[in-house]
Amino acid sequence: MYLVTVLGNLLIILAVSSDSHLHTPMYFFLSNLSLADICFISTTVPKMIVDIQTHSRVISYVGCLTQMSLFLLFGCMDDMLLTVMAYDRFVAICHPLHYPFIMNLRLCIFSVVVSFFITLLNSQLHNLLASRIACFKGVEIANFFCDPSQVFNLAYSETMTNRIVMYFLSALTGILPVSGILFSYYKIVRSILNMPSSGGRYKAFSTCSSHLSVVCLFYGTGLGVYLGSAISHSPSKDSGASLLYSVVTPMLNPFIYSLRNRDIGSALRRLYSRAA
């Protein structure tokens, strides 16, 4: 699964960078999403493979906090990039004549940089809260990696400062991105329904169907992980849900874009023909 995910996302990056037809804002964000997915899965799976090979389930205090911090960084980066991509589709469908002026290169780079610093702030604040554990020796985490929710259960103390920080981070990386995506698609659906021809409606919807599929997969599995852990309290089920969220979702993203997006499929075929 790990190799499939890395190779699939690398192919997306290579296809976008090598094909001049794909040098557009939408595919610029897609290549950054693929890079974030590679980093996201690389924070957990290589360590899991080493643990299986060495029959060891031990991780150091620093290693656990580092893994958790990187997991949050790249997981939230996916979240932010999906929000930016939703805004890109909103501008493309609702304001097509102004699209080249609004979604210029400067704004695209600025959006990615701001997304990175927001996710960096989120991961470091979470790291600060988790570092309140005085002693990590002998602590068991019922998962194949340092799952942030389980680490916080060990480290979290109900103080006013902690609650304020957690509410702020939840709004910053949860409520605001989801609200942005919902608002963008609300406007997109209204614009599509107002189009006079069925051909125009189909073409407009097809340009955002891949992104919408990835959004549903990302938030659906993420919501399933946390609802499942809150209801079942079963370590095996929690590990299975975490595996689905942290491994399967990044693996499926390249397949969704290559199968549902003709431009990516054509670029991959041209890349293969040049390599052959």
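These figures come from a predicted structure and were not determined experimentally. (Residues numbered from 1 in each chain as written. Predicted model: local features only at pLDDT ≥ 70, side-chain atom pairs only at ≥ 80, totals over all residues. Heavy atoms only, no water.)

(A) Structural detail: the overall build of the protein chain. Summing up its helical and strand segments, the protein chain has 11 helices and zero strands in all. Put simply, the protein chain runs from its N terminus to its C terminus through helices and strands in the order α-α-α-α-α-α-α-α-α-α-α. Taking all 276 residues of the protein chain together, the buried fraction comes to 45%. (Helix = DSSP H or I, 4+ residues; strand = E, 2+ residues; numbered from the N terminus. Buried < 20%, exposed > 50% of the residue type's maximum accessible area, 1.4 Å probe, protein only.)

(B) Focus on the pattern of salt bridges. The final tally for this structure, using the stated rule, is one salt bridge. Between D88 and R89 there is a salt bridge, with its nearest N and O atoms 2.9 Å apart. Residue D88 shares its accessibility class with R89, and that shared class is buried. (Salt bridge = Lys/Arg side-chain N within 4 Å of Asp/Glu carboxyl O.)

(C) How the structure looks around the nonpolar core. Ranked by internal contacts, the top residues of the largest apolar core, which has 44 residues, are Y27, F29, L30, L82, I93, I188 and I264. Mapped onto this core, the elements with two or more residues apiece are α1 (2–18), α2 (25–42), α4 (61–94), α6 (105–130), α8 (160–193), α9 (198–232), α10 (235–260) and α11 (262–275). In terms of residue count, α4 provides more of this core than any other element does, 12 residues in total. Setting aside chain neighbours within four positions, we find L30 in contact with I12, M85, Y257 and I264. Grouped together as the second largest cluster of nonpolar side chains are six residues, C64, L65, M68 and L72 included. (Core = buried A, V, L, I, M, F, W, Y, C linked by side-chain atoms within 4.5 Å. Contact = heavy atoms within 4.5 Å.)

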